[in-house]
Amino acid sequence: MAIVEHGTPSLEGIARPPGTRECKAVAIVHPERLKISGRGFAQLFWLAMTLAIPGTAAAKSLHPDYLLLRGEVQHYGDWLVGCDNSAACTMIGFPGEGGGMPDEEEARPIGIEISASGPAGSEVVVHLLPFDATTKGANSDQPARAFLLDPGVWREQAAPVHGFSRVRLSAEEATVVLQRLESGQPILGRAVTGGKSLARFPLKDFSRGFRAMLARRAQLLGQLDRDALVPRPLRRIAAMPVMVSGFVPIVTDNTCLNSSLLNLKRFRFQGDTDLWSYECADGNAPGKTFFAMSKGPGLHALPLDLPEPRLGKVAAGRDGLATAHVHFDWDFGVMRHYQFQSGREDCGTMRAWGYTSQGWYLIERREMPLCKGLEPGDWIRTHSMPLGGAGPDD
């Protein structure tokens, strides 16, 4: 067993901003299992070392272009890069048109997702990511066809075979993929027989995006306390639907313009705390659902403001949320809201809030600025706050 510093798929050796502590780690590589050229290791070793030395051109290039802003997704050629507040970073690539292969036009596009989370030195995880209806799952016109991943670079073992579905690559495959991307060589997806190109992958500006992700992750890890990666002791509180009768403590002056209410719902948390949701009649605020909170009988419900670290708040009580795209899972104490781009449901922003004894918390935000067919669960996460479970399946 050999120990290789700064080699993929680990994250050590990346430049750290002034005033932050160094996080040292190594990657463990099994040479008896990994029969590939050492060129990629040398390239990534050089990359990590030059980024780690203050004053070098590579280190200077990290500011300001390569450093990711908190809570934003940035675009580098074929790649989108983003990190959340816990230093979990994700890089998703979508292949551009063409790629230099003679039969490339017939190849299906496959995305690549590269992610890293947890303490410094954690493994970089690489997934193949089909992203449109012509490629992924049962909707593909070639669901049973398989391809060899980069058959030319494997030496003493057979090239891995994959189909058109999301799959996590082994450590050996991830290393090969990262090496080729860093060297600027296209990744190949060849038919098992005949060698025809069946899949094409992202490539453009990988090095720039990868450096950005590693630099931002190192910066975040330097800012975080060690305990910050441990889930907080707060727990989500489940609610129960309650029949609406008698006094309704909602004042609609600033929402429904004193019109009557539609689809009035009431959900009770522990301690006589209620969440109310309603829509407006008479054509006022069409397509919006409004939310309010009340505590105890006879007290007026206050418009609900949901926390959002980036925006300050989401005014779910005064501005409302799109009825078609908001859902309260009362048995889990979670409210989800999707801000899709116009006419699409594969791009935008997803937010999820959890209710606790300390009030509402934003527990997850995911973003996808490009409309590529990905479902919200595959979007890049830009905020995370783990909470304990509340529902029967948590």
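Please read all numbers here as calculations on a predicted model, not as lab measurements.

Caption draft 1: Representation of the overall build of the protein chain within the structure. When you go through the protein chain residue by residue, the secondary structure sums to 5 helices and 26 strands. Of all 394 residues assigned to the protein chain, the portion counted as buried reaches 51%. Here the analysis covers contacts within the protein chain between residues at least 6 apart in sequence; of these, 59% occur between residues at least 24 apart. Summed over all atoms, the accessible surface of the protein chain reaches about 18700 Å², with 52% contributed by carbon and sulfur.

Caption draft 2: Quick peek at the sheet that holds strand β5 (residues 89-93). Reading across the sheet, the 6 strands line up as β3-β4-β5-β7-β8-β11 and stay open at both edges, with antiparallel pairing between neighbours. One side of each edge strand has no neighbouring strand; the edge strands of this open sheet are β3 (73-76) and β11 (167-168). Two strands pair when backbone bridges link them, and strand β7 (residues 111-116) and strand β8 (residues 125-129) are joined in this way by 5 bridges, in the antiparallel orientation. In the strand pairing of β8, Ile114 is matched with Val126. Helix α4 (residues 171-183) contacts β4 (79-83), β7 and β8 of the sheet and is inclined by roughly 105° relative to β7.

Caption draft 3: Broad picture of the packing of aromatic side chains. All told, the structure shown has 14 aromatic pairs when counted by the stated rule. Chaining the aromatic ring pairs together yields one cluster made of Phe267, Phe269, Phe328, Tyr355 and Trp360.

Caption draft 4: Expanded view of the sheet that holds strand β23 (residues 334-340). Spatially, the 5 strands line up as an open sheet ordered β22-β23-β24-β25-β26, and their pairing is antiparallel. The two strands at the open ends of the sheet, each matched to only one other strand, are β22 (326-329) and β26 (380-384). Adjacent strand axes in the sheet meet at a mean angle of 15°, parallel and antiparallel pairs treated alike. As paired elements, strand β24 (residues 348-356) and strand β25 (residues 359-368) share 9 bridges and run antiparallel to each other. Note on β25: the bridge partner recorded for Ala352 is Glu364.

Caption draft 5: How the structure looks around the pairing of β5. Burial within β5 is extensive, with 5 of its 5 residues counted as buried. Two strands pair when backbone bridges link them, and β4 and β5 are joined in this way by 5 bridges, in the antiparallel orientation. Bridge pairing links Cys83 to Cys89 in β5. In sequence, β4 turns back onto β5 through a hairpin of 5 residues, with Ala87 there showing a positive phi of about 70°.

Caption draft 6: Quick peek at the nonpolar core. Grouped together as the largest cluster of nonpolar side chains are 34 residues, with contacts concentrated most on Ile112, Ile114, Val126 and Phe201. Residues within four places of Phe201 in sequence aside, it is in contact with Pro95, Ile110, Ile112, Leu128, Phe147, Leu149, Ile187, Leu188 and Gly189. Phe267, Met293, Ala316 and Trp360 belong to the second-largest nonpolar core, a separate cluster that totals 19 residues.

Caption draft 7: Geometry of the pattern of salt bridges. Scanning the model with the defined rule gives 14 salt bridges in all. The shortest N-O distance in the salt bridge between Arg168 and Glu123 comes to 3.3 Å. Pair noted here: Arg168 is in strand β11 and Glu123 is in the loop between β7 and β8, with a separation of 45 residues, a long-range link. Taking relative accessible area as the criterion, Arg168 reaches 47% and is therefore assigned partly exposed. Between Glu364 and Arg366 there is a salt bridge, and its shortest N-O distance comes to 2.9 Å. What makes Arg366 buried here is its relative accessible area of 17%. Among the charged side chains, a salt-bridge network with shared partners connects Arg266, Arg268, Asp272 and Asp274.

Caption draft 8: Layout of the confidence of the model for the protein chain. Here the protein chain shows a mean pLDDT of 75. Residues at 70 or above account for 69%. This model gives residues 1-67 a pLDDT under 50, and the stretch forms 130 contacts once residues within four places in sequence are excluded. In this model residues 135-144 is a low-confidence stretch, pLDDT under 50, and it forms 21 contacts with partners more than four residues away in sequence or in other chains.

Caption draft 9: Quick peek at α4. For α4, spanning 13 residues, the distance from its first C-alpha to its last is 18 Å, which sits close to the expected 18 Å at 1.5 Å a residue. In terms of burial, α4 is a largely internal element, 11 of the 13 residues being buried. Within the span of α4, buried status applies to Glu172, Glu173, Ala174, Thr175, Val176, Val177, Leu178, Gln179, Arg180, Leu181 and Glu182. Phi for Gly184, located one or two positions after α4, is positive at around 80°.

Caption draft 10: Summary view of helix α5 (residues 206-223). For α5, spanning 18 residues, the distance from its first C-alpha to its last is 26 Å, which sits close to the expected 26 Å at 1.5 Å a residue. Here α5 lies mainly inside the structure; 15 of its 18 residues are buried.

Caption draft 11: Structural detail: the state of the cysteines. As enumerated under the stated definition, the model contains 2 disulfides in all. Through a disulfide, Cys83 is tied to Cys89; the S-S separation comes to 2.0 Å. Taking the sign of the S-S torsion, about 105° here, the bridge from Cys83 to Cys89 comes out right-handed. Judged by its relative accessible area of 3%, Cys83 falls in the buried class.

What counts as what
Residue numbers here run from 1 along each chain, matching the order of that chain's written sequence. With pLDDT at 70 or above as the cut-off, local features in this predicted model cover only qualifying residues; side-chain atom pairs require 80 or more to be listed or tallied, and sums for whole chains, interfaces and linings still use all residues. Note that the side-chain values use all heavy atoms of the structure and ignore hydrogens as well as water. Helix numbering and strand numbering both begin at the N terminus, where a helix is a DSSP run of H or I of at least 4 residues and a strand a DSSP run of E of at least 2. Residue burial is assigned from relative accessible area. The probe radius is 1.4 Å, only protein chains are included, and a residue is buried under 20% of its type maximum, exposed over 50%, and partly exposed in between. Contacts are assigned to residue pairs that have any heavy atoms within 4.5 Å of one another. Computed by Shrake-Rupley with a 1.4 Å probe, the accessible areas treat only the displayed protein chains as cover when residues are assessed. What makes two strands pair is DSSP finding at least two bridges between them. Axes, fitted as lines to C-alpha atoms, cover a helix only where it is in contact. Angles between the N-to-C directions of the axes lie from 0 to 180 degrees. Pairing of aromatic side chains requires ring centres within 6.5 Å, counting the rings of Phe and Tyr and the six-membered ring of Trp. Pairs whose planes differ by under 30 degrees are stacked, by over 60 edge-to-face, and all others tilted. Buried residues of nine kinds, namely Ala, Val, Leu, Ile, Met, Phe, Trp, Tyr and Cys, make up a nonpolar core once their side-chain atoms join them within 4.5 Å. Salt bridges, as used here, are contacts in which a Lys or Arg side-chain nitrogen is within 4 Å of a carboxyl oxygen on Asp or Glu. For every residue, the predictor assigns a confidence score, pLDDT, that lies between 0 and 100. Multiplying one less than the number of residues by 1.5 Å gives the expected span of a helix. For the purposes of this analysis, a disulfide is any pair of cysteine sulfur atoms at a distance within 2.5 Å.

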